[in-house]
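Understanding the architecture of this molecule
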Amino acid sequence: MELTNENVLGKIISKFGEENVWDALNPDGIMTISTNRATIHELIEYLRDDEEMQIRFLTTMCGIHFPDHKDKELCMMYQLHSLRHNYRIRIKVFMPASDPVMPTMTDLYATANWMEREAFDFYGIIFTGHPNMTRILNIEEMEYHPMLKQYPLEDQTREDKINTFFGR
């Protein structure tokens, strides 16, 4: 079977239902879907174990912060790859910043260990079941998560800038 976005999406929807898969897009040739926290672990396990698709390589997982999206401020994005079919899929799970909890993927992929620790370190996303949920790049005493967009991008107190040079 040749993997196409349409038949992979069809298999996913037939297994998990339309209520658990939405926002199917193909922005850059990579099928991109959204799902929920309750479905993500089983969905990734299904893609890994399905003998026809063989989507077995976890390329990337990372956190994303959308401060203006109410109740969907945080996102975990997973990219998976079928080396056999040279096929990629991207899966997103959105969650409120007040409840930044995701299931771990370390039982499916050993490489998820470091990527989950990085998402915890930079975004504060907690992975239940992770074997060592500690910071990986920043010091343990740090009381904030540096990739959250909680601060203005520019120093508002600078006096050496002339706003007309910046189109303001």
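Description of the structure in this document. (Residues numbered from 1 in each chain as written. Predicted model: local features only at pLDDT ≥ 70, side-chain atom pairs only at ≥ 80, totals over all residues. Heavy atoms only, no water.)

**So, the pattern of salt bridges**
Side-chain pairs of opposite charge can arise whenever the charged atoms involved come near each other. What counts here: Take a side-chain nitrogen of Lys or Arg and a carboxyl oxygen of Asp or Glu: if they are within 4 Å of each other, that pair is a salt bridge. A run of H or I in DSSP becomes a helix once it reaches four residues, and a run of E becomes a strand once it reaches two; helices and strands are each numbered from the N terminus. Any residue under 20% of the maximum accessible area for its type is buried, any over 50% is exposed, and the rest in between are partly exposed; the area is computed with a 1.4 Å probe on protein chains only.
Applying the stated criterion across every chain yields a total of 7 salt bridges. The partner of Glu 52 in a salt bridge is Lys 11, with the nearest N and O atoms 2.6 Å apart. One end of the pair, Glu 52, is in the loop between helix H2 (37-49) and strand E3 (57-65); the other, Lys 11, is in helix H1 (residues 5-16), with 41 residues separating them in the sequence. On the basis of relative accessible area, Lys 11 is assigned to the buried category, the value being 18%. With a closest N to O distance of 2.8 Å, Arg 48 and Asp 49 form a salt bridge. When salt bridges that share partners are traced, they join Lys 11, Asp 50 and Glu 52 into one network.

**Looking at the sheet that holds strand E2 (residues 31-35)**
Keep this limit in mind: One requirement defines pairing of two strands: DSSP has to find at least two bridges between them. Between N-to-C directions, angles cover 0 to 180 degrees, with each direction set by a line fitted to C-alpha atoms, over the stretch in contact for helices. Contacts are residue-level and defined by heavy atoms, with any inter-residue pair within 4.5 Å sufficient.
The mixed open sheet is built from 5 strands, whose spatial order is E1-E2-E5-E4-E3. Strand pairing shows two members of the sheet lacking a second neighbour, strand E1 (22-25) and E3, which therefore form its edges. Each strand axis lies, on average, 15° off the axis of its neighbour in the sheet, ignoring direction. For E3 and strand E4 (residues 74-82), the ladder comprises 8 bridges, and the chain directions are antiparallel. Following the sheet pairing, Cys 62 is matched in E4 by Met 77. The sheet contacts of H2 involve E2, E4 and strand E5 (87-95), and relative to E5 the element is tilted by about 165°.

**A word on the side chain of Lys 11**
The cut-off we apply is this: N or O atoms closer than or at 3.5 Å make up a polar contact, with two conditions inside protein: a donor-capable atom paired with an acceptor-capable one, and, for residues adjacent in sequence, both atoms drawn from side chains.
A polar side-chain atom of Lys 11 sits 2.6 Å from a polar atom in the side chain of Glu 52. Non-local contacts of Lys 11, meaning those with residues more than four positions away in its chain, are made with Met 1, Tyr 46, Asp 50, Glu 52 and Met 53.

**What about the packing of H1 against H2?**
For the record, the criterion: Between 65 and 115 degrees an angle is taken as roughly perpendicular, under 35 as roughly parallel, over 145 as roughly antiparallel, and anywhere else as oblique. Less than a right angle of anticlockwise turn of the near helix away from the far helix marks a crossing as left-handed, whereas a clockwise turn marks it as right-handed. When residues are grouped by polarity, Ala, Val, Leu, Ile, Met, Phe, Trp, Tyr, Cys and Pro land in nonpolar, Asp, Glu, Lys and Arg in charged, and all others, Gly among them, in polar.
As a packed pair, H1 and H2 sit with axes 11 Å apart at the nearest point and diverge in direction by 130°. Between H1 and H2, the angle is such that the two are oblique. In this structure, H1 crosses over H2, and the sense of that crossing is right-handed. Side by side, H1 and H2 meet where Lys 11, Ile 12, Lys 15 and Phe 16 of the first sit next to Thr 39, Glu 42, Leu 43, Tyr 46 and Leu 47 of the second. Taken together, the residues that form the contact of H1 with H2 break down as 5 nonpolar, 1 polar and 3 charged.

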